[in-house]
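# Architecture at a glance
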Amino acid sequence: MEKQEDVALVTGASHGIGPIIARTLAEAGYRLVLTGRTARELELLTGQLNAAATPAVAIPADLTKADDLERLAKSAEAAFGRVDVLVNNAGGDPQREFDAMSWADNEAIISLNALAPIHLAHQLLPGMLQRGRGHVVNISSIAGRVSFPYAEAYAAAKDGIIGFTRVLRNDYRHRGVSASVVILGAIRDAGLGDRTAKEVGLKVPAMGTSPAIHVARAVLAAIKKDRTEIVVMPGPGRLLKAVMDLFPSLGPAMNRLAGAEKTMRTVIEFRKQQL
Ligand SMILES: NC(=O)c1ccc[n+]([C@@H]2O[C@H](COP(=O)([O-])OP(=O)(O)OC[C@H]3O[C@@H](n4cnc5c(N)ncnc54)[C@H](OP(=O)(O)O)[C@@H]3O)[C@@H](O)[C@H]2O)c1
């Protein structure tokens, strides 16, 4: 579904991959509601989009707070009269060991990466169903499928969102509301992985990573072509994901060989020193 005046709500639009998704949707003709916690970054982006003739508004919100999230859903619908597309992009991981984090830390990971996207979809679904059209795009990660080191709660949330998307899509597509999941491998030029490499001083080879614009194009393709799942990875990402499911021990072996285990150990030690 795509119409010139469609309205898209993009979460995690203040920095990282989100702004690139927002700009790509703007180029495709969407009006935008952008959210994140950092008002200053959101306002800078909406200002640039407005100057380039894309109607866009910033609504700062903390998605781990239910009240904030419900206020966001209402304000987003009020901004342009409706929300046609929800891009659940906000997410992330503190890059710390499961057992070294408190239970509250682990809950916060699940809350941001799984509960918030489900809650936001739940808030916006009635309006979409009333109008008989809508699309929810969830941004997930290959982390769980490849047993990415030190990502227990994050992997659970990101795998959970794949299941959520499949069921949501099946239940509401015949009523005009569809859902897609975009599953990311490592992204090289924006977002958490890129920031971490710069902070820690790691050299990440471009091979095996994708540019953020591929994520933005995948989001647009998911909506326009109503795709169930898109894997953003170099090479045959969907095939790799399927192979990982067939042979679950392959992921850890691959992580050891590719150096991901060692790299993440360095990152974990770096984060420990920051506490
Ligand atoms: N980068 C990668 O290599 C990679 C790989 C696989 C999957 N992903 C997924 O891609 C998505 C985007 O990640 P990214 O790399 O762009 O991350 P990022 O650079 O850390 O950006 C995260 C975005 O989410 C927002 N956010 C974080 N906590 C929030 C909260 N409590 N409430 C509201 N907004 C919040 C941040 O804004 P504020 O700080 O302003 O709140 C920011 O806009 C995430 O779902 C991530 O899991 C990324």
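Take the pairing of strand β7 (residues 229-232) next. Residues E229 and V231 of β7 are buried on one face, and the alternating residues I230 and V232, pointing to the opposite face, are buried as well. Pairing geometry for strand β6 (residues 177-184) and β7, over 4 bridges, is parallel. Each bridged residue has a counterpart across the sheet, and for V182 the counterpart in β7 is I230.

Bringing the pattern of salt bridges into the picture now. On inspection of all chains with the given rule, the structure shows 19 salt bridges. Here E199 ties to R271 by a salt bridge, and the two come within 3.1 Å at their closest N and O atoms. Placement of the pair is E199 in helix α6 (residues 192-200) and R271 in helix α10 (residues 260-274), with a sequence separation of 72 residues. Note that K241 and E229 form a salt bridge whose closest N and O atoms lie 3.1 Å from each other. Within this pair, whereas K241 is found in helix α8 (residues 237-246), its partner E229 is found in strand β7, the two being separated by 12 residues in sequence. Residue class for K241 comes out buried when judged on its relative accessible area of 7%. What makes E229 buried here is its relative accessible area of 6%. Each of the salt bridges in this network shares a partner with another, and the network as a whole consists of D6, R82, D84 and R133.

Judged by nonpolar contacts, the single largest core of 35 residues is most densely connected at I21, L25, Y30, L32, L34 and V182. A per-element tally of this core places helix α7 (residues 212-224) first, with 9 residues. Apart from residues no more than four positions distant in its own chain, V182 is found in contact with V137, N138, I139, S140, A218, V219, A222, I230 and V232. Membership of the second largest hydrophobic core comes to 27 residues, among which are L69, L86, L125 and F164.

What follows covers the site of the ligand. In the neighbourhood of the ligand, 31 residues make up the surrounding shell, with R37, T38, N89, Y154 and R195 lying closest. At 2.4 Å from an oxygen atom of the ligand is found a side-chain nitrogen or oxygen belonging to T38. The fraction of the free accessible surface of the ligand (880 Å²) that becomes covered by protein chains is 92%. Elements supplying a minimum of two residues to the shell around the ligand: β5 (134-141), α5 (152-172) and α6. Class assignment of the residues belonging to the shell around the ligand gives a composition of 12 nonpolar, 15 polar and 4 charged.

About the thresholds
- Residues numbered from 1 in each chain as written.
- Predicted model: local features only at pLDDT ≥ 70, side-chain atom pairs only at ≥ 80, totals over all residues.
- Heavy atoms only, no water.
- Buried < 20%, exposed > 50% of the residue type's maximum accessible area, 1.4 Å probe, protein only.
- Helix = DSSP H or I, 4+ residues; strand = E, 2+ residues; numbered from the N terminus.
- Pairing = 2+ DSSP bridges.
- Salt bridge = Lys/Arg side-chain N within 4 Å of Asp/Glu carboxyl O.
- Core = buried A, V, L, I, M, F, W, Y, C linked by side-chain atoms within 4.5 Å.
- Contact = heavy atoms within 4.5 Å.
- Near = heavy atom within 4 Å.
- Polar contact = N/O pair within 3.5 Å; in protein donor to acceptor, adjacent residues only side chain to side chain.
- Areas by Shrake-Rupley, 256 points an atom, 1.4 Å probe, with all protein chains shown as cover.
- Nonpolar A, V, L, I, M, F, W, Y, C, P; charged D, E, K, R; others polar.

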